[in-house]
Amino acid sequence: MLTTKQKTLRKFWYATVKLEDLKAGPQPFRLMGEDIVVFLDADGRPAALADRCCHRTAKLSKGWCDNGHIVCGYHGWTYDRDGRCVRIPQYPEGSPVSGNIAVPAYRCQPRYGYAWVALDEPLTDLFDIPEDSDPAFRRIDQFYEDWACAPIRMMENSFDNAHFSFVHKATFGQYDQPKPEKYEMKETDYGFYAESVVPILNPPVAHQVTGSTDPTTRRHMRNHWYLPFSRRLDMEYPSGIRHIIFNCATPMEDGRIKLVQWLYRNDTEADCPTAKLIEWDAVITAEDKDILEATDPDACIDISRRAENHMPSDRGGVIMRRRLLELFRQQGEDEVYGGMPARPLPQAAE
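Conventions used here
Residues numbered from 1 in each chain as written. Predicted model: local features only at pLDDT ≥ 70, side-chain atom pairs only at ≥ 80, totals over all residues. Heavy atoms only, no water. Core = buried A, V, L, I, M, F, W, Y, C linked by side-chain atoms within 4.5 Å. Buried < 20%, exposed > 50% of the residue type's maximum accessible area, 1.4 Å probe, protein only. Contact = heavy atoms within 4.5 Å. Helix = DSSP H or I, 4+ residues; strand = E, 2+ residues; numbered from the N terminus. Pairing = 2+ DSSP bridges. Axes fitted to C-alpha atoms, helices over the stretch in contact; angles between N-to-C directions. Salt bridge = Lys/Arg side-chain N within 4 Å of Asp/Glu carboxyl O.

1. Some points on the nonpolar core
Across soluble globular proteins, you tend to see nonpolar side chains buried next to one another.
At step 1: Ranked by size, the top nonpolar core spans 79 residues in total, and within it Trp116, Ile152, Met154, Phe229 and Trp262 carry the most contacts.
At step 2: If we ignore the near neighbours within four places in the chain, the residues touching Met154 are Trp147, Cys149, Arg231, Asn247, Ala249, Ile257, Leu259 and Leu292.
At step 3: Counting residues in hydrophobic clusters, the runner-up holds 14 residues, among them Ala47, Leu49, Cys53 and Tyr79.

2. Details of the pairing of strand 17 (residues 256-265)
When a strand is regular, its side chains alternate between the sheet's two faces.
At step 1: When you tally the buried positions in strand 17, you get nine out of 10 residues, the bulk of the element.
At step 2: The pairing of strand 11 (residues 138-147) with strand 17 spans nine bridges and is classified as antiparallel. Paired with Asp146 across the two strands is Lys258, which belongs to strand 17.
At step 3: Summarising the sheet, strand 16 (residues 242-253) and strand 17 pair through 10 bridges and their orientation is antiparallel. Counterpart to Thr250 in the pairing with strand 17 is Lys258.
At step 4: Between the end of strand 16 and the start of strand 17, which pair antiparallel, lie two residues, with Gly255 showing a positive phi angle near 80°.

3. Some remarks on the sheet that holds strand 16
At step 1: Overall, antiparallel pairing links the seven strands, which are arranged 11-17-16-15-14-13-12 in an open sheet. For this open sheet the edge positions go to strand 11 and strand 12 (184-187), each flanked by a neighbour on one side alone. Within the sheet, the average angular offset between the axes of one strand and its neighbour, ignoring direction, is 20°.
At step 2: Here 11 bridges tie strand 13 (residues 191-201) to strand 14 (residues 216-226), and the two strands are oriented antiparallel to one another. Among the inter-strand pairings, Val197 is bridged to a residue of strand 14, identified as His220.
At step 3: Set on the sheet, helix 5 (residues 274-292) makes contact with strand 11, strand 14, strand 16 and strand 17; between it and strand 11 the angle comes to about 30°.
At step 4: Packed onto the sheet, helix 6 (residues 315-330) meets strand 12, strand 13 and strand 14 and runs at close to 10° relative to strand 12.

4. Side note on unusual backbone geometry
At step 1: Cis peptide bonds are those with omega within 30 degrees of zero, and the linkage from Leu227 to Pro228 qualifies with -10°.
At step 2: With respect to the helices, strands and loops of the structure, Pro228 is situated in the loop between strand 14 and strand 15 (230-236).
At step 3: Phi is positive for Asn67, which is not a glycine, with a value near 55°.
At step 4: Within the secondary structure layout, Asn67 lies in the loop between strand 5 (64-66) and strand 6 (69-71).
At step 5: For Asn67, a relative accessible area of 65% translates into the label exposed.
At step 6: In this model, Arg306 sits at a positive phi of 55°, which is unusual for a non-glycine residue.
At step 7: If you trace the backbone, Arg306 turns up in the loop between helix 5 and helix 6.

5. Considering the pattern of salt bridges
At step 1: Under the criterion given, the structure shown has 33 salt bridges.
At step 2: Measuring nitrogen to oxygen at the nearest pair gives 2.8 Å for the salt bridge that ties Arg138 to Asp267. In this pair, Arg138 is assigned in strand 11 and Asp267 in the loop between strand 17 and helix 5, connecting sequence segments 129 residues apart.
At step 3: One salt bridge connects Arg242 with Asp234, and the closest N-O pair in it is separated by 2.8 Å. Accessibility assignment for this pair places Arg242 and Asp234 in one class, buried.
At step 4: Overlapping salt bridges, with partners in common, bring together Arg30, Asp35, Lys59 and Glu253 in one network.

6. Remarks on helix 2 (residues 151-158)
At step 1: Across the eight residues of helix 2, eight count as buried, placing the element largely inside the fold.
At step 2: Within the span of helix 2, buried status applies to Pro151, Ile152, Arg153, Met154, Met155, Glu156, Asn157 and Ser158.

Laid out in structure tokens, this is it:
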């Protein structure tokens, strides 16, 4: 699947720019192969436009904001959050501007510390996070990184217990127990819910994270996949600590995503410092990134092609592929698949 070629994927919300970063002025972002600019309007709400002035095509992200409007840095043409040009400085002051002069505007809303953008009319609302308004939990921003992989690769990896023993053998994976614990899965209108209890190593560096000093512990995992590329990874330890990761694999280009990740914890800074939580998850995330960037970004979702083989623990990824393909066909399109490049057989030595 060449992600940016799938028109249906334009009809979902994606995390783009940090709201905090917008205070410094307009910010560029690449979403589904398109350049957009995100800025704050007069009410302090994020807005998103195509990152091209309709005068001489200069990037609007090179400009600045003035009273909630974005000003092109080339000739000063000024646009509101709906993309309408409201001022051309070269015209006499107060001159009306034709309503036909505009740049494309996109749906944009602030949630969970980010500006979320949908390029076309969304098929569904953005998922709700009860913990975000629960005083028993603290929210911690963790990662905002470019990864060279397909978004579905990152998503299916999140529900793949079989890779723990190998990819994460240096952190929490038990190398001598390669057979994964089974997920109980239930499909939903938004994707699926998956539950499992997974034994893990608990090295001293993780004791504050898990709330236990035992050499091993267990994760009660109650996880959700939200179509197309967001997930909730809810891990509860026997100590009662909840470690709830949310992330969005925002598609930037085919084979390039922005990994946006934040965390909720039902403990305090004194129990486990923010720096410790970021450091621990950063090591684990880096292990995933290293192997996922070694995969083919053209991940085939039509399993009837037999482009990839599957095993029982791949159930989450298989459901993702089926649901995405069904959705595309409901929307009148099929998978855009380039196919894995032919790899010549090695030549025998003479």
